[in-house]
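Given next are the chains, with one letter for each unit.
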Amino acid sequence: AQKITQTQPGMFVQEKEAVTLDCTYDTSDPSYGLFWYKQPSSGEMIFLIYQGSYDQQNATEGRYSLNFQKARKSANLVISASQLGDSAMYFCAMREDNTDKLIFGTGTRLQVFP
Amino acid sequence: NAGVTQTPKFQVLKTGQSMTLQCAQDMNHEYMSWYRQDPGMGLRLIHYSVGAGITDQGEVPNGYNVSRSTTEDFPLRLLSAAPSQTSVYFCASSAPGEGPNEQFFGPGTRLTVL
């Protein structure tokens, strides 16, 4: 069965510094996708970045990058140059491509301080 | 485009009452799903649908019913509300298949069962 693990309940980072949020996954399906979502205190779910299991390069979207290590089954989110507005919950999720179902981790609460 | 809309935004029920949470999307997405979010547990899949007339159970389906008569709408029914169903409910939709077909989320419904 597929599973997503986020072991950091909370993280602190100073403004303008980089931070890495950890995510490990487990699946027996060779074709899958990994997603990161941001949930600010207002509650909406905001899609950040996607990595396909067959993608050769790590995904990047602006200040977000995904450190994809397939052999270790990890998909860590790296946020560069943190901003106060990055304070939020961050969820890692996985979709097995033969099901379309999205399974979420328990999330990491990031707090950015001045 | 309105994206994914959910009504109501807030609801208080008494134990044993029934109600329907509404979800609609205008992106012609085939895949729709319902999640519940509880503190410390991330988002858990309740039911999902891969197209009109097709639904299936997710991780936590007990106490909930769904149907999908049109591509646009995917209502979630609570037949006899229980305090354990107090949660925030999110509806989401996406295009099916491989690739970065991220799920788009509605704003959520905060449900309290007394």
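Calculation criteria
Residues numbered from 1 in each chain as written. Chains lettered and ligands numbered in written order. Predicted model: local features only at pLDDT ≥ 70, side-chain atom pairs only at ≥ 80, totals over all residues. Heavy atoms only, no water. Helix = DSSP H or I, 4+ residues; strand = E, 2+ residues; numbered from the N terminus. Contact = heavy atoms within 4.5 Å. Areas by Shrake-Rupley, 256 points an atom, 1.4 Å probe, with all protein chains shown as cover. 1 Å grid on protein atoms, 1.4 Å probe; cavity = no way out; pocket = protein on both sides within 12 Å on 5 of 7 lines; lining within 4 Å. Points joined across faces, edges and corners; volume = space filled by probe spheres on them. Nonpolar A, V, L, I, M, F, W, Y, C, P; charged D, E, K, R; others polar. Core = buried A, V, L, I, M, F, W, Y, C linked by side-chain atoms within 4.5 Å. Buried < 20%, exposed > 50% of the residue type's maximum accessible area, 1.4 Å probe, protein only. Polar contact = N/O pair within 3.5 Å; in protein donor to acceptor, adjacent residues only side chain to side chain. Disulfide = S-S within 2.5 Å.

Caption draft 1: How the structure looks around the overall build of chain B. Within chain B one finds zero helices and eleven strands. Ordered by position from N to C terminus, the α and β elements of chain B give β-β-β-β-β-β-β-β-β-β-β. Principal axes of the C-alpha set define a box for chain B whose edges measure 40 × 30 × 25 Å. Here the analysis covers contacts within chain B between residues at least 6 apart in sequence; of these, 53% occur between residues at least 24 apart. About 5300 Å² of surface is accessible on chain B, with carbon and sulfur atoms providing 51% of the total.

Caption draft 2: The layout of surface pockets, seen in detail. Counted as a void, the largest pocket has a volume near 560 Å³. Forming the walls of the largest pocket are 27 residues, and the residues nearest its centre are A:Gln39, A:Gly43, B:Gln37, B:Val88 and B:Arg110. Broken down by secondary-structure element, the contributors of at least two residues to the lining of the largest pocket are strand S10 (88–96) of chain A together with strand S9 (87–94) and strand S11 (109–113) of chain B. The leading source of residues in the lining of the largest pocket is S11(B), at four residues. A class-by-class count of the residues in the lining of the largest pocket yields ten nonpolar, 13 polar and four charged. Its volume calculated, the second largest pocket comes out at about 190 Å³. A:Ile103, A:Phe104, B:Leu43, B:Arg44 and B:Glu59 are the residues nearest the centre of the second largest pocket, which is lined by 13 residues in total. When contributions to the lining of the second largest pocket are tallied by element, the ones reaching two or more residues are strand S1 (3–5) and strand S11 (102–104) of chain A together with strand S5 (43–51) of chain B. Tallied by class, residues from the lining of the second largest pocket come to seven nonpolar, three polar and three charged.

Caption draft 3: Representation of the nonpolar core. Membership of the largest hydrophobic core comes to 24 residues, with the highest contact counts inside it found for A:Tyr25, A:Leu34, A:Trp36, A:Ile49, A:Leu77 and A:Tyr90. When contributions to this core are tallied by element, the ones reaching two or more residues are strand S3 (19–21), strand S5 (32–39), strand S6 (46–52), strand S8 (64–69), strand S9 (74–79), S10 and strand S12 (108–113) of chain A. Looking at which element gives the most residues to this core, the answer is S10(A), with four residues. In contact with A:Tyr90, other than residues within four places in its own chain, are A:Gln6, A:Leu21, A:Trp36, A:Tyr37, A:Lys38, A:Leu48, A:Leu77, A:Ile79, A:Gly107, A:Thr108 and A:Leu110. Formed by 19 residues, the second largest nonpolar core is a distinct cluster that contains B:Tyr64, B:Phe74, B:Leu76 and B:Val113.

Caption draft 4: Broad picture of the side chain of A:Thr108. Residues and elements named next belong to chain A. Inspection of the secondary structure assignment puts Thr108 in strand S12. A distance of 2.7 Å separates a polar side-chain atom of Thr108 from the backbone oxygen of Gln8. For Thr108, the contacting residues outside a window of four places in its chain are Gln6, Gln8, Pro9, Gly10, Met11, Leu21, Ala88, Met89 and Tyr90.

Caption draft 5: A look at the state of the cysteines. The full count for this structure, using the stated rule, is two disulfides over all chains. Here A:Cys23 is linked by a disulfide to A:Cys92, with a sulfur-sulfur distance of 2.0 Å. Classification of the bridge connecting A:Cys23 and A:Cys92 rests on its S-S torsion, roughly -65°, and on that basis the disulfide is left-handed. Of the two residues, A:Cys23 sits in the loop between S3 and strand S4 (24–26) while A:Cys92 sits in strand S10, which places them 69 residues apart along the sequence. Per residue, the accessibility class of A:Cys23 equals that of A:Cys92, and both read buried. Across the disulfide from B:Cys23 sits B:Cys91; the S-S distance is 1.8 Å. Where B:Cys23 bonds to B:Cys91 through sulfur, the torsion about that S-S bond is close to -70°, and the disulfide is left-handed. On the criterion of sequence distance, the pair formed by B:Cys23 in strand S3 (residues 19–25) and B:Cys91 in strand S9 is long-range, its members being 68 residues apart. The residues B:Cys23 and B:Cys91 share a single accessibility class, namely buried.

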